[in-house]
Amino acid sequence: MIKKLIRRILGTKEQPASAANEPTVLGAKEHAIDPRMLSPNAVKVTKTLQDAGFKAFIVGGAVRDLLLGVKPKDFDVATDATPEQVKRLFRRAFIIGKRFQIVHVMMGQEQIEVTTFRGASSDGAPKDVHGRVLRDNTFGEQHEDAVRRDFTVNAMYYDPATQSVLDYHGGVADIRSKTLRMIGAPEARYREDPVRLLRVVRFAAKLGFTIEPATRAPIAVMAPLINNVPAARVFDEMLKLLMSGQALACLQQLRKQGLHHGLLPLLDVVLEQPLGEKFVTLALNNTDQRIKQGKPVSPGFLFASLLWHQVLEKWTAYQTAGEYPIPALHLAADEVLDAQTEKLALQRKIASDMRDLWAMQPRFERRIGKSPYKLLEHPRLRAGYDFLLLRCESGEIDREIGDWWTAFMEADGAGREALLAQKPKDGGEAAAAKKRSRRRRSRRGPGKDAGGAEGAA
Ligand code: ATP
Ligand code: MG
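Residues numbered from 1 in each chain as written. Chains lettered and ligands numbered in written order. Predicted model: local features only at pLDDT ≥ 70, side-chain atom pairs only at ≥ 80, totals over all residues. Heavy atoms only, no water.

Caption draft 1: Main features of unusual backbone geometry. Here the phi dihedral of Gln163 falls at roughly 55°; this positive angle occurs in a residue that is not glycine. Within the fold, Gln163 resides in the loop between strand 7 (156–159) and strand 8 (164–167). You will see that Lys178, though not glycine, has its phi angle at about 55°, which is positive. On the secondary structure map, Lys178 appears in the loop between helix 7 (171–176) and strand 9 (179–180). Relative accessible area serves as the criterion here: at 40%, Lys178 is assigned to the partly exposed category. (Helix = DSSP H or I, 4+ residues; strand = E, 2+ residues; numbered from the N terminus. Buried < 20%, exposed > 50% of the residue type's maximum accessible area, 1.4 Å probe, protein only.)

Structure follows, in structure tokens:
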């Protein structure tokens, strides 16, 4: 009844689930997939499974990307073998996952994800009060597996042995018209798994596809459902979104679809801070470029940049309240990280990388004595320096500091000494250091400070 009402309001029609029991099969000439773009390891996995008498296909995003002429970043395989049967066929294979069991098959450095065909219906599966499917490990036929996938362009299967593509839901046509279309009734599919609300946005931005109207209509209405998804899953999806090579476009799409507000605290911070907008835009652009060039991007760097202006704001506030600069920075970092870990499940390693990057920043501004030499030995110097350059580029600090560090890092011993002898243009740092040391002396009271750390710097 309620479902019917929502459907009437949204004007969506339910697609008959039985529409596609038999796939359309496309041969090599029709789909023009370049076999050189395949991962030899993924082909090995499908062959091993097929030789053991099972069905096995490359599936999902890899087939979509291959059809678009893009080299896939990873390969998933679907099979009618059960997880235990898969595990037995490979030397290094691990069954993981609770909600959906999958097998990670390790081939050298590469990890191929192998999933068993899912059964058609999640009706009997345990759900939360909002209808989110909690666990579902019923296996089924290939056409049932296809219905369970999210978008038509993600529900195609490629057999490397015959070079044929099996298309159950008109995915090939949607690839050609650049359309993102949910399989089945969109609103029911979002309810089963609200993460699909974020996926639709990510794929639209990443692929440059248009979201088909019935798939788009429920998004804004159903957005609050994301609140019930475990933080770790939202975090994984956010990371994929930010590391898609189209992070800026993704964030713009999130905004356009009404998904940015109040849902993800990180995004509220990022999208609604006027001061940091330039910095965040630069950081995301930088990330997008690196990903497009195949360079590594660390999640720690990414999140540290996204939250930097929030840290800056709190850092200033603590200093205004009389705190010393370094403890003030640590207090600000704690506060920002605490607020994010609560909802975003920032992993500990990422949080500690972020803290490292932030803590390094004031050290770049001390260009006297031994300080710069000590900083050169920091294991994360390169990342800290990249972060510093972003700060310069955004206009937050003087470009001269970045240039000085570029020169200092490239110089030899004598060159470094010459740079250290150079007075900063405004004499700011030496003056600031003196002021700090004066302040510290006066706080500690007379006679206690005998030119310790501050004097050495
Ligand atoms: P990417 O290029 O980001 O890897 P992908 O489409 O391969 O994109 P994955 O998260 O790797 O995305 O998932 C692999 C496949 O599993 C998808 O193509 C889709 O068929 C299916 N899938 C993944 N997540 C969901 C979901 N939440 N609901 C339904 N199907 C899903
Ligand atoms: Mg994938």
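Caption draft 2: Focus on the pattern of salt bridges. Applying the stated rule across the entire model yields 20 salt bridges. The salt bridge involving Arg36 is made with Asp34; its shortest N-O contact spans 3.0 Å. Owing to a relative accessible area of 71%, Arg36 belongs among the exposed residues under this scheme. Here Asp51 ties to Lys47 by a salt bridge, and the two come within 2.8 Å at their closest N and O atoms. In this pair, Asp51 and Lys47 both sit in helix 3 (residues 40–51), four residues apart, roughly one turn of the helix. For Asp51, a relative accessible area of 57% gives the class exposed. If you follow the salt bridges from partner to partner, you end up with Arg189, Glu192 and Arg196 in one network. (Salt bridge = Lys/Arg side-chain N within 4 Å of Asp/Glu carboxyl O.)

Caption draft 3: Geometry of helix 22 (residues 413–421). Buried residues of helix 22: Arg416, Leu419 and Leu420, and no others. Along the long axis of helix 22, the arc covered by the buried residues comes to 100°, so they all point the same way. Among the exposed residues of helix 22, those oriented more than 90 degrees off its buried face are Ala414 and Ala421. (Arc of directions from axis to C-beta.)

Caption draft 4: Up close: the environment of Leu346. Among the structural elements, Leu346 can be located in the loop between helix 17 (325–344) and helix 18 (348–364). Exposure remark for Leu346: the relative accessible area of 8% places this residue in the buried category. For the pair Leu346 and Gly300, spaced 46 residues apart in sequence, the C-alpha separation works out to 9.5 Å. In this structure Leu346 touches Phe235, Phe303, Leu337, Gln340, Thr341 and Met354, once residues within four positions along its chain are discounted. (Contact = heavy atoms within 4.5 Å.)

Caption draft 5: Quick peek at the side chain of Arg189. Here Arg189 is to be found in helix 8 (residues 186–192). Leaving out residues up to four positions away in the same chain, Arg189 has contacts with Val147, Arg148, Arg149, Asp150, Met182, Ile183 and Arg196.

Caption draft 6: Region of the structure containing the packing of aromatic side chains. Going through the model one piece at a time under the given rule, you end up with 14 aromatic pairs. Ring centres of Trp404 and Trp405 lie 5.4 Å apart, and the angle between their planes is 75°; this geometry places the pair in the edge-to-face category. We classify Trp404 as buried; its relative accessible area is 5%. When the centroid spacing of 4.8 Å and the interplanar angle of 10° are considered together, the rings of Trp404 and Phe408 count as stacked. One end of the pair is Trp404 and the other is Phe408, both in helix 21 (residues 399–410) and four residues apart, which spans about a single turn. The buried category is assigned to Phe408, whose relative accessible area is 0%. Here a set of aromatic residues connected by ring pairs shows up, and it is made of Phe279, Phe301, Trp308, Trp315 and Phe387. (Phe/Tyr/Trp six-rings, centres within 6.5 Å; stacked < 30°, edge-to-face > 60°.)

Caption draft 7: Spatial organisation of the side chain of Asn41. Counting through the fold element by element, Asn41 comes out in helix 3. Judged by its relative accessible area of 17%, Asn41 is buried. Engagement of the side chain of Asn41 in a polar contact is seen with the side chain of Glu110, the distance being 2.8 Å. Not counting chain neighbours up to four residues away, the residues in contact with Asn41 comprise Met107, Glu110 and Ile112. (Polar contact = N/O pair within 3.5 Å; in protein donor to acceptor, adjacent residues only side chain to side chain.)

Caption draft 8: Examining the sheet that holds strand 3 (residues 76–79) more closely. Taken together, the eight strands give an open sheet; going across it, the order is 1-8-7-2-3-6-5-4, and neighbouring strands pair in mixed fashion. Since the sheet does not close on itself, it has two edges, and those belong to strand 1 (24–26) and strand 4 (93–96), each with one partner. Taken over all neighbouring pairs, the strand axes of this sheet differ in orientation by 30° on average, direction set aside. Direction of pairing for strand 2 (residues 56–59) relative to strand 7: antiparallel, over a ladder of two bridges. (Pairing = 2+ DSSP bridges. Axes fitted to C-alpha atoms, helices over the stretch in contact; angles between N-to-C directions.)

Caption draft 9: Summary view of the site of ligand 1. Around ligand 1 sit 18 residues in total, of which Arg64, Asp193, Arg196, Arg202 and Lys240 are the nearest. For ligand 1, an oxygen atom lies 3.2 Å from a polar atom in the backbone of Gly61. One of the side-chain nitrogen or oxygen atoms of Asp76 is found 3.5 Å away from an oxygen atom of ligand 1. Taking 590 Å² as the accessible area of ligand 1 by itself, protein coverage stands at 85%. Secondary structure elements with two or more residues in the shell around ligand 1: helix 4 (61–67), helix 9 (195–207) and helix 12 (231–242). Counting residues per element, the shell around ligand 1 draws most heavily on helix 9, at five residues. When grouped by side-chain class, the residues that make up the shell around ligand 1 number one nonpolar, three polar and 14 charged. Per-domain counts for the shell around ligand 1 show at least three residues from each of domain 1 (23–177) and domain 2 (178–263). (Near = heavy atom within 4 Å. Areas by Shrake-Rupley, 256 points an atom, 1.4 Å probe, with all protein chains shown as cover. Nonpolar A, V, L, I, M, F, W, Y, C, P; charged D, E, K, R; others polar. Domains from an automatic or database assignment.)

Caption draft 10: Fine view of the packing of helix 15 (residues 277–292) against helix 16 (residues 299–320). Orientation of helix 15 relative to helix 16, taken along the N-to-C sense of each, is 165°, at an axis distance of 9 Å. On the basis of the axis angle, helix 15 is roughly antiparallel to helix 16. Handedness of the helix 15/helix 16 crossing: left-handed. Packed against helix 15, whose contacting residues are Phe279, Val280, Ala283, Leu284, Asn286 and Thr287, the element helix 16 presents Phe301, Leu302, Ser305, Leu306, Trp308 and His309 at the interface. In the contact of helix 15 with helix 16, the residues fall into eight nonpolar, four polar and no charged. (Parallel < 35°, antiparallel > 145°, perpendicular 65-115°, else oblique. Left-handed = near helix turned anticlockwise from the far one by under 90°.)

That's the geometry; what it means functionally is another story.
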